[in-house]
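The residues making up each chain are set out below.
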Amino acid sequence: MRFLLGLTLVLPLCCDALQAQDAPPQDVREIVLRSLQRDDANGKIARQYTFVERNEQRQIGGDGKVRKRESKTWDVTILEGTPYRRLIARNDQPLAADEEKKEAENLQRSIEQRRNETPAQRERRLADSDAKRTKQLNEMRQIPDAFDLKIVGDDTVAGAPAWVIAAYPRKGYRPRGGITRFFPKVKGKVWITKTDYQWVRAEAEAIETISFGLFIARIHKGTRASFEQTRVNSEVWLPRQVAVQFAGRIALFKMMRGEVDISFRDYRKFQAESRITDITEVPKEP
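From a predicted model like this one, the values you see are computed outputs, not experimental measurements.

## Here's the deal with the confidence of the model for the protein chain
Move 1: Looking at the protein chain, the pLDDT average stands at 83 and 83% of residues meet or exceed 70.
Move 2: Confidence drops under a pLDDT of 50 for residues 1–25, and excluding neighbours within four residues, the segment shows 93 contacts in the predicted structure.
Move 3: pLDDT under 50 marks residues 273–286. Its contacts with residues more than four places away, or in other chains, come to 31 contacts.

Here it is as structure tokens:
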């Protein structure tokens, strides 16, 4: 499912020059570039928050009915400077005793490993985490060159007035690897707030089949993804929900149809001076 989640990274789409209906004339490219700059600062604050993440996956049969439903819930906290995910529920039920013990042992092992790092090892781990974020930002900055778009209206999302921007792949754009290889095969809309230029909602749809590897997987035309954020503590926008409806094939033979819903809640600000000293300090599922 990592591929499906990767698809949601292309949701904030935009570029081209048009005017909003009830705001001073602005170039769409300017709006998008400013939003990308603000997203960098927003992301740094976002990394100070812990949260609970629930991931539900549903397999859909040919008759359109749900054949199988599974969910997992994680507590995502900050462990010595970088995130750590601990499974806390399966199908909305507490873990079995043996699985909970295994999760506790894994957490304790990670605590000890990160505490016993040399300064060089810690610096390298933090640098690797920052490098992944920087790579994603650099790929997203290709959006103004990868898409043609226009402002198609105004809306209010999460209490914030926003521009609604429709986007379509720009002919002649050459992807530069990473998620940019999806750009020519995706269209969508993005809602950008007029007050602080943040992406608060987005929708994307595959307009061509997207392949991964020669014989690994294919996602069919019509796959859809949506994304919404919420304002937390009047200082940062954080994910509220991601939803994906997909159809595709694995290894070119097995047909799959399904839905993925990811929700985020219980955001808690993690103090820089705080440290996890024992596994019993990690909050469990309410």
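## A word on the nonpolar core
Move 1: Ranked by internal contacts, the top residues of the largest apolar core, which has 28 residues, are I31, W163, I165, F183, I192 and I210.
Move 2: Elements with a minimum of two residues in this core: α2 (28–46), α5 (143–146), β5 (147–157), β6 (160–169), β7 (186–193), β8 (199–206) and β9 (210–212).
Move 3: Of all hydrophobic cores here, the second largest spans 19 residues; its members include F51, V244, M256 and I262.

## Comments concerning unusual backbone geometry
Move 1: At E80, a residue that is not glycine, the phi angle is positive and equals roughly 55 degrees.
Move 2: Position of E80 among the secondary structure elements: in the loop between β2 (66–79) and β3 (82–90).
Move 3: For E80, a relative accessible area of 13% puts it in the buried group.
Move 4: The residue A158 is not glycine, and still its phi comes out positive at about 55 degrees.
Move 5: For A158, the position within the fold is in the loop between β5 and β6.

## Overview of the side chain of T180
Move 1: Inspection of the secondary structure assignment puts T180 in the loop between β6 and β7.
Move 2: Its relative accessible area of 1% is what places T180 among the buried residues.
Move 3: A polar side-chain atom of T180 sits 2.5 Å from the main-chain carbonyl oxygen of G177.
Move 4: Look past the residues within four positions of T180 in its chain and what remains in contact with it is E139, Q142, Y173 and P175.

The rules we used
- Residues numbered from 1 in each chain as written.
- Predicted model: local features only at pLDDT ≥ 70, side-chain atom pairs only at ≥ 80, totals over all residues.
- Heavy atoms only, no water.
- pLDDT = per-residue confidence, 0-100.
- Contact = heavy atoms within 4.5 Å.
- Core = buried A, V, L, I, M, F, W, Y, C linked by side-chain atoms within 4.5 Å.
- Buried < 20%, exposed > 50% of the residue type's maximum accessible area, 1.4 Å probe, protein only.
- Helix = DSSP H or I, 4+ residues; strand = E, 2+ residues; numbered from the N terminus.
- Polar contact = N/O pair within 3.5 Å; in protein donor to acceptor, adjacent residues only side chain to side chain.

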